[in-house]
Amino acid sequence: MRLMHISDLHLGKRVNEYSMLDDQAYILDEILRIAKEEEVQGVLIAGDVYDRPVPPSGAVRILDDLLDQFADRNVPVFFISGNHDSRERLAFGAALFEKSGVYMAGEELCKKIRWKDEYGELNIWLMPFLKPAEVRMVYSEKEISTYTDAVRAVLEGMEIDPDVRNILVAHQFVAGAVQCESEEISIGGLDQVDVSVLERFDYVALGHLHRPQSVGRETIRYCGTPLKYSFSEASQEKSVTVVELFEKGNIKISQIPLKPLRDMRKLRGTYMEVASREFYREMNTEDYVQITLTDEEDIP
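Participant: Would you explain helix α1 (residues 21–37) in this entry?
Facilitator: An α-helix turns once per 3.6 residues; consequently, residues spaced three or four apart project the same way. Across its 17 residues, α1 extends 24 Å between first and last C-alpha, which sits within 8% of the 24 Å expected from 1.5 Å per residue. Within the span of α1, buried status applies to Asp-23, Gln-24, Ile-27, Leu-28, Glu-30, Ile-31, Leu-32, Ile-34 and Ala-35. Each element contacted by the buried residues of α1 is listed here: β1 (2–6), β3 (18–19), α2 (57–72), β15 (239–245), β16 (251–257) and β18 (288–293). Just downstream of α1 lies Glu-39, where phi reads positive at about 55°.

Listed below in structure tokens is the structure:
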């Protein structure tokens, strides 16, 4: 089974009050192209599909087009809501979407999708972004005070068969991962989840953090954002993650680089240097640029 793992599309996002919709539409086309070239058989989208609970119409339109094209190719999509999404709005029409191969976690704290391939049974678990308060309402008999408690309680309530392959799609901050400035940071790390609660899964497709990285082991992974959403990400190379599952215990992971419509760059120099054409000779002049002037005197 060959799956593509993406997350944190943040459709509708504005960076420094500049709309990223054109860049996002372009990168979704790139994702579709890669999915076709890599012959992926399913797509995992690990939350923060939109940048805010009530997204602009343009953001809804390009997501609709993405899902429609995957449905036309008979490539199922499995996605969850993140902390930026409205779970209720994102889950609208969930039962109807499933008939087209688009699966999402709606009101459930965790949803199981049964699947099969040439290696046997494969279970995909969809767990949207969880907060301790909402989990306490369901598991009132358990003591739930932290995000780790909340995730553990939900997963312990699931009947996870250890003899078959299990994939978890989740949107949480796993302790030990590296953050950057464009993410919502909780003071004191109160929103961290201990990686040990995820050990029962063969692959964990994580969303929430923007830097591609693994946590604890290679198969517990953040794929990162498809685009740079702050200058703190300027040095990162964005990519999609392709996961190939064979028999249980045999997984191959690869990263496919994404080339954006416009890059995000940090430049440094004197006023005379940055005003020179030579300074930009090898750069796309449509790129987003943050410039630091090194002059020690005021520039008239």
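Structure's up, so let's keep going.
Participant: I'm lost on the sheet that holds strand β6 (residues 102–104) in this one. Help?
Facilitator: Strands pair in a sheet through their backbones, by hydrogen bonds, and they do so in one of two ways: parallel or antiparallel. Ordered by their spatial adjacency, 6 strands build an open sheet running β6-β5-β4-β1-β15-β16, and the pairing between neighbours is mixed. A strand with exactly one partner marks an edge of an open sheet, and here the two such strands are β6 and β16. On average, each strand axis in the sheet is tilted by 20° relative to the strand beside it, whichever way the strands run. Taken together, the 3 bridges between strand β5 (residues 77–80) and β6 define a ladder with parallel strand orientation.

Participant: Can you walk me through the sheet that holds strand β9 (residues 165–171) in this structure?
Facilitator: Strand order in the open sheet formed by 6 strands is β7-β8-β9-β12-β14-β13, with mixed pairing between adjacent strands. Only two strands of the sheet have a single partner each, and these edge strands are β7 (111–117) and β13 (213–215). Within the sheet, the average angular offset between the axes of one strand and its neighbour, ignoring direction, is 30°.

Participant: Even after reading the chapter, I still don't get the packing of α1 against α2, so can you show me in this structure?
Facilitator: To characterise two packed helices, one gives the angle between the axes of the helices and the distance between these axes. For the pair α1 and α2, the least separation of the axes is 10 Å and the interaxial angle reads 10°. Of the possible angle classes, the one that applies to α1 and α2 is roughly parallel. Between α1 and α2, the residues in contact are Leu-21, Gln-24, Ala-25, Leu-28, Leu-32 and Ala-35 and Gly-58, Ala-59, Ile-62, Leu-66, Gln-69 and Phe-70, respectively. Grouping the amino acids of the contact of α1 with α2 by side-chain chemistry returns 9 nonpolar, 3 polar and no charged.

Participant: What's the story with the pairing of strand β4 (residues 42–46) in this structure? I'm lost.
Facilitator: A regular strand places its side chains so that they alternate between the two faces of the sheet. Burial analysis of β4 places 5 of its 5 residues in the buried class, the great majority of the element. Every second residue of β4 is oriented toward a common face, with Gly-42, Leu-44 and Ala-46 on one face and Val-43 and Ile-45 on the other, all of them buried. Inspection of the sheet shows β4 paired to β5 by 4 bridges, in the parallel sense. In the sheet register, Leu-44 faces β5, and the bridge partner there is Phe-78. For the crossover that starts at β4, traverses α2 and ends in the parallel β5, the hand is right-handed.

Participant: Any chance you could explain the layout of surface pockets here in plain terms?
Facilitator: Rolled over the atoms, a probe as big as a water molecule pinpoints where empty space is left. Looking at the largest pocket, its volume works out to about 380 Å³. Tyr-50, Leu-63, Leu-67, Phe-92 and Phe-97 are, among the 19 residues lining the largest pocket, the residues nearest its centre. For the lining of the largest pocket, the secondary-structure elements that each account for two or more residues are α2 and α3 (87–90). Residue contributions to the lining of the largest pocket peak at 6 residues, all from α2. Among the residues making up the lining of the largest pocket, the classes are represented as 12 nonpolar, 2 polar and 5 charged. What the second largest pocket holds in volume is close to 310 Å³. In this structure, the second largest pocket is lined by 21 residues; those nearest its centre are Lys-228, Lys-259, Pro-260, Arg-262 and Asp-263.

Cut-offs applied
- Residues numbered from 1 in each chain as written.
- Predicted model: local features only at pLDDT ≥ 70, side-chain atom pairs only at ≥ 80, totals over all residues.
- Heavy atoms only, no water.
- Helix = DSSP H or I, 4+ residues; strand = E, 2+ residues; numbered from the N terminus.
- Expected span 1.5 Å × (residues − 1).
- Buried < 20%, exposed > 50% of the residue type's maximum accessible area, 1.4 Å probe, protein only.
- Contact = heavy atoms within 4.5 Å.
- Pairing = 2+ DSSP bridges.
- Axes fitted to C-alpha atoms, helices over the stretch in contact; angles between N-to-C directions.
- Parallel < 35°, antiparallel > 145°, perpendicular 65-115°, else oblique.
- Nonpolar A, V, L, I, M, F, W, Y, C, P; charged D, E, K, R; others polar.
- Right-handed = clockwise from strand over helix to strand, strands pointing away.
- 1 Å grid on protein atoms, 1.4 Å probe; cavity = no way out; pocket = protein on both sides within 12 Å on 5 of 7 lines; lining within 4 Å.
- Points joined across faces, edges and corners; volume = space filled by probe spheres on them.

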